[in-house]
Amino acid sequence: MADAEYKPEGQEDHIDKLAFSAVAAPNPDSTAGSALSQPHEIRDLDHYASKGEPATKKEVYSYYTYYAGNNGIGSFQYSNLLFQNLIYQAGFNPNITPLGSSTCNVDPDAPCHVFWNGGTKSYTSVILIATGLTFLGQALVFIGVGSLADFGNWNPWVVRGFSVLCWAFEFGFLGVTTAAKWRIAMALFILSSITFWASYVFFNAIFPKLSHDLPEVREARAQLLSGSIDEAQYEHKCSMARSKIMNVSYGWNNVGFTICGALSLAALAGIGANDSVEKNNWGYSVAVAVCTGFWIILAIPWFLWEKKRPGPKLPKGDNYLTFGFKQTWFAAKQAWTLKQTFSYLVAFFLLADGIGTTITLVSIAQTQVVLFSATQNTYLIMVQGGSATVGVFGAYFVQKMFGFRTKTMLQASNFGCLLVALWGMIGIWTTKVGFHNLWEFWFFNAQYGFTMGAQFSYGQAFMAELVPRGREYMFFSLLGIVSKGSAWIGPIVSSAIVDHNGNQWTAFPFVAALIFVPWVGIFFISESKSRKECAAYLAREATDLRKATSPEVDPDTKDPESI
């Protein structure tokens, strides 16, 4: 007898993770060649049943436009550069007394410290500490809010709420233009980074659901039910749909990144950012505001045209303040049963930490080499955005043409990121190469899309292969924690290494190791094993956490109509 179909409580429209272990056996006297003509009786067929309208072009395009606006150039680039710029201006040579009497630009090769916690500390270390604090804040947000977005009707407001908060913090930079306000810049950088990444991660969690509402996936589902395609073919179509939405949206994200950089460059030219230090400071603040306005305009279509995709009701007796932590704890206890998913989360924890810290280290070196010029940094940012656009679209084209697995594309980009860290490591022993020269930063930003850019999109797409369907927000929140919210290890350890050695390039061997270890580990993660593990997880969640089944009924044999 085939296994019964499992449906979550309070959500008839939602059927959970594909587990094609229950395909009806063909008649004994049927031939192997006729197997595809047999209807498939599937346990846990697809997260969405074919009820309601499929995703429209208007909704999909509005998803792309929001991604183009939420490109991070203001929240992640200019706000960070403004903070670095002001703290450097506030810095001084600690070897000259009285402290604070000799600014860092007098002798760029001397140590550069700021007053910190009753003493002094390297300004590079303070930047890394601020980065670590943003990751810690994100972890708390992701755990508390992430899993809740999978339940009820309020998930659209998660993205909208964090977007509006981020906009408010970013406009706050307009009042921060002098070195004396570097602590305010640090606070705004931390708050805007937390809210930006919250809006980004929760918006990103929508793409698996959106991809499974595409007309071609709905059609593939019908073909599977009729027996005209087999399980592997159906999974491949689903995987390519997820890869399509992720890569195209990330490609448009980088188109927006580049356009926003061009608008910022025009604004910087208009105010004469190269004329003086004061105007350069003001230029960074204006650039943040310009990018925030760009994001607001492109977010409106999604806010208007997003279709509601409600989750199941919150279990009786639970509340929204505590259930997020409760479900995250339940998922953590199930780590031994979701071996593939949690193995990837552990690998991504190290991988994202290494890549993120590599980008931070390169950014610090780049800002020093271009002498904190807002205009020069904008040129490099635009090159990076153009590279990411070409790299992401190009990677998807290669995958589609040759039929490569998502995992293959991810590992190729991971290897490229490892090479970047190794290149920086050379800079410990020589200044001829290793991110000491302007041409190296032009090259780094030109190749960015083929390594870091493609790595991000395929890192997300591969996670979608390992997530229990219907629990995207929670598991992508966990991914957000390991990729951003828990990525404090790299910056904090790198800060200690820099303090100990007095050379910021000595942190590169550590981040290279952070990338190498998970790159090897990901080779052993299996998507097919994950599908079976996710189906079993959802059944346990229904009985143990949400109590969707009466105690006397075996969840593996119950009639689905009894739920």
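Reading the values: rules and limits
Residues numbered from 1 in each chain as written. Predicted model: local features only at pLDDT ≥ 70, side-chain atom pairs only at ≥ 80, totals over all residues. Heavy atoms only, no water. Helix = DSSP H or I, 4+ residues; strand = E, 2+ residues; numbered from the N terminus. Areas by Shrake-Rupley, 256 points an atom, 1.4 Å probe, with all protein chains shown as cover. Salt bridge = Lys/Arg side-chain N within 4 Å of Asp/Glu carboxyl O. Buried < 20%, exposed > 50% of the residue type's maximum accessible area, 1.4 Å probe, protein only. Phe/Tyr/Trp six-rings, centres within 6.5 Å; stacked < 30°, edge-to-face > 60°. Lys NZ or Arg CZ within 6 Å of the ring centre and 35° of its normal. 1 Å grid on protein atoms, 1.4 Å probe; cavity = no way out; pocket = protein on both sides within 12 Å on 5 of 7 lines; lining within 4 Å. Points joined across faces, edges and corners; volume = space filled by probe spheres on them. Nonpolar A, V, L, I, M, F, W, Y, C, P; charged D, E, K, R; others polar. Core = buried A, V, L, I, M, F, W, Y, C linked by side-chain atoms within 4.5 Å. Lys, Arg positive; Asp, Glu negative; His and termini not counted. Contact = heavy atoms within 4.5 Å. Disulfide = S-S within 2.5 Å. Pairing = 2+ DSSP bridges. Expected span 1.5 Å × (residues − 1). Axes fitted to C-alpha atoms, helices over the stretch in contact; angles between N-to-C directions. Parallel < 35°, antiparallel > 145°, perpendicular 65-115°, else oblique. Left-handed = near helix turned anticlockwise from the far one by under 90°. Patch = residues over 30% accessible without salt bridge, like charges linked within 9 Å, V, L, I, M, F, W, Y side chains within 5 Å.

Q: Residues and numbers for the overall build of the chain, please.
A: For the chain, the helix and strand inventory stands at 19 helices and two strands. Working note: accessible area of the chain is about 22,100 Å², and carbon and sulfur atoms make up 65% of it.

Q: Just give me the short version of the pattern of salt bridges, but keep the residues and values in it.
A: Evaluated as defined, the whole model comprises eight salt bridges. A salt bridge links Lys244 to Glu216; the shortest N-O distance between them is 3.4 Å. With a gap of 28 residues between them, Lys244 in helix 8 (residues 231-271) and Glu216 in helix 7 (residues 215-226) connect regions that are remote in the sequence. Taking relative accessible area as the criterion, Lys244 reaches 31% and is therefore assigned partly exposed. On the basis of relative accessibility, which here comes to 37%, the residue Glu216 falls in the partly exposed class.

Q: Go over the packing of aromatic side chains, please, and point to the residues and values.
A: On inspection of all chains with the given rule, the structure shows 35 aromatic pairs. Ring plane angle 75° and centroid distance 5.4 Å describe the contact between Tyr67 and Phe203, whose orientation is recorded as edge-to-face. Taken together, the residues Tyr67 in helix 1 (residues 57-69) and Phe203 in helix 5 (residues 182-204) connect sequence positions 136 residues apart. Here Tyr67 matches Phe203 in class, with each residue buried. Here Arg160 stacks its cationic end above the ring of Trp157, 4.6 Å away from the centre of that ring.

Q: Can you tell me about the layout of surface pockets, naming the residues and giving the values?
A: Space inside the largest pocket adds up to approximately 990 Å³. Classifying every residue of the lining of the largest pocket gives 16 nonpolar, 17 polar and four charged.

Q: Any chance you could break down the nonpolar core for me, citing the residues and the numbers?
A: Among the nonpolar cores identified, the biggest contains 140 residues, and Tyr63, Tyr78, Phe83, Tyr123, Phe202, Tyr344 and Phe475 are the most heavily contacted of them. Element by element, the count of residues in this core is highest for helix 5, at 14 residues.

Q: Can you explain the side chain of Lys407? Please cite residues and give values.
A: Turning to its location among the elements, Lys407 is positioned in helix 13 (residues 406-426). We note that Lys407 is buried and unpaired, the nearest opposite charge coming from Glu527 at a distance of 4.9 Å. With near-sequence residues (within four places) excluded, Lys407 lies in contact with Phe462, Ile522, Phe523, Phe524, Ile525 and Glu527.

Q: Quick one: what's the story with the state of the cysteines, residue by residue and with numbers?
A: Within this structure, the stated rule accounts for one disulfide. In this model, Cys104 is linked to Cys112 through a disulfide, with the two sulfur atoms separated by 2.0 Å. Here Cys104 and Cys112 share a disulfide; its torsion about the S-S bond, 90°, makes the bridge right-handed. Assigned by exposure class, Cys104 and Cys112 land together as buried.

Q: Would you mind going over the pairing of strand 2 (residues 119-122) in detail, with residue names and values included?
A: Alignment of strand 1 (residues 113-116) against strand 2, held across four bridges, turns out to be antiparallel. Paired with Trp116 across the two strands is Gly119, which belongs to strand 2. Hairpin connection from strand 1 to strand 2: two residues lie between these consecutive antiparallel strands, with Asn117 at a positive phi of about 55°.

Q: Please set out helix 4 (residues 155-171) residue by residue, giving values where relevant.
A: For helix 4, with 17 residues, the first-to-last C-alpha span of 25 Å sits near the 24 Å given by 1.5 Å per residue. Those residues of helix 4 that sit buried are Asn155, Pro156, Val158, Val159, Arg160, Phe162, Ser163, Cys166, Trp167 and Glu170.

Q: Please set out the environment of Phe415 residue by residue, giving values where relevant.
A: On the secondary structure map, Phe415 appears in helix 13. Spatially, the C-alpha atoms of Phe415 and Val520 are 9.7 Å apart, while their sequence positions differ by 105 residues.

Q: Let's hear about unusual backbone geometry: which residues, and what values?
A: Cis geometry marks the peptide bond from Thr97 to Pro98, where omega comes out at -5°. Residue placement: Pro98 occurs in the loop between helix 2 (73-90) and strand 1. Even without glycine at this site, Asn117 takes up a positive phi of about 55°. Here Asn117 is to be found in the loop between strand 1 and strand 2. Among the residues examined, Asn117 registers a relative accessible area of 77% and is labelled exposed. Despite not being glycine, Phe435 has its phi angle at roughly 65°, a positive value.

Q: Just give me the short version of the side chain of Thr406, but keep the residues and values in it.
A: Within the secondary structure, Thr406 sits in helix 13. For Thr406, a relative accessible area of 3% gives the class buried. With residues near it in sequence (within four places) discarded, Thr406 still touches Ser239, Ser243, Gln399, Tyr458, Ala461, Phe462 and Glu465.

Q: Explain the packing of helix 12 (residues 374-402) against helix 15 (residues 452-464) to me, and be specific about the residues and the numbers.
A: With their axes 9 Å apart at the nearest point, helix 12 and helix 15 run at an angle of 60° to one another. What the angle tells us is that helix 12 and helix 15 run oblique. Along this stretch, helix 12 crosses helix 15, giving a crossing that reads as right-handed. Contacts between helix 12 and helix 15 involve Val392, Ala395, Tyr396 and Gln399 on the former and, on the latter, Gly453, Ala454, Ser457 and Tyr458. The residue inventory of the contact of helix 12 with helix 15, partitioned by class, reads five nonpolar, three polar and no charged.

Q: How would you explain a nonpolar patch on the surface if you had to name every residue and give the values?
A: A surface patch of nonpolar side chains, amounting to about 510 Å² of accessible area, comprises Phe397, Val398, Met401, Phe402 and Phe404. Here Phe402 lies in helix 12. The class of Phe402 is exposed, set by a relative accessible area of 54%.

Q: Break down the environment of Ile522 for me, with residues and values.
A: Structurally, Ile522 can be placed in helix 18 (residues 508-522). Judged by its relative accessible area of 0%, Ile522 falls in the buried class. As a C-alpha pair, Ile522 and Leu410 span 112 residues in sequence and 9.3 Å in three-dimensional space. Excluding its chain neighbours within four sequence positions, the residues that come into contact with Ile522 are Tyr344, Ala347, Leu351, Lys407, Leu410, Gln411, Asn414 and Phe462.

Function-wise, these values are silent; they only describe arrangement.
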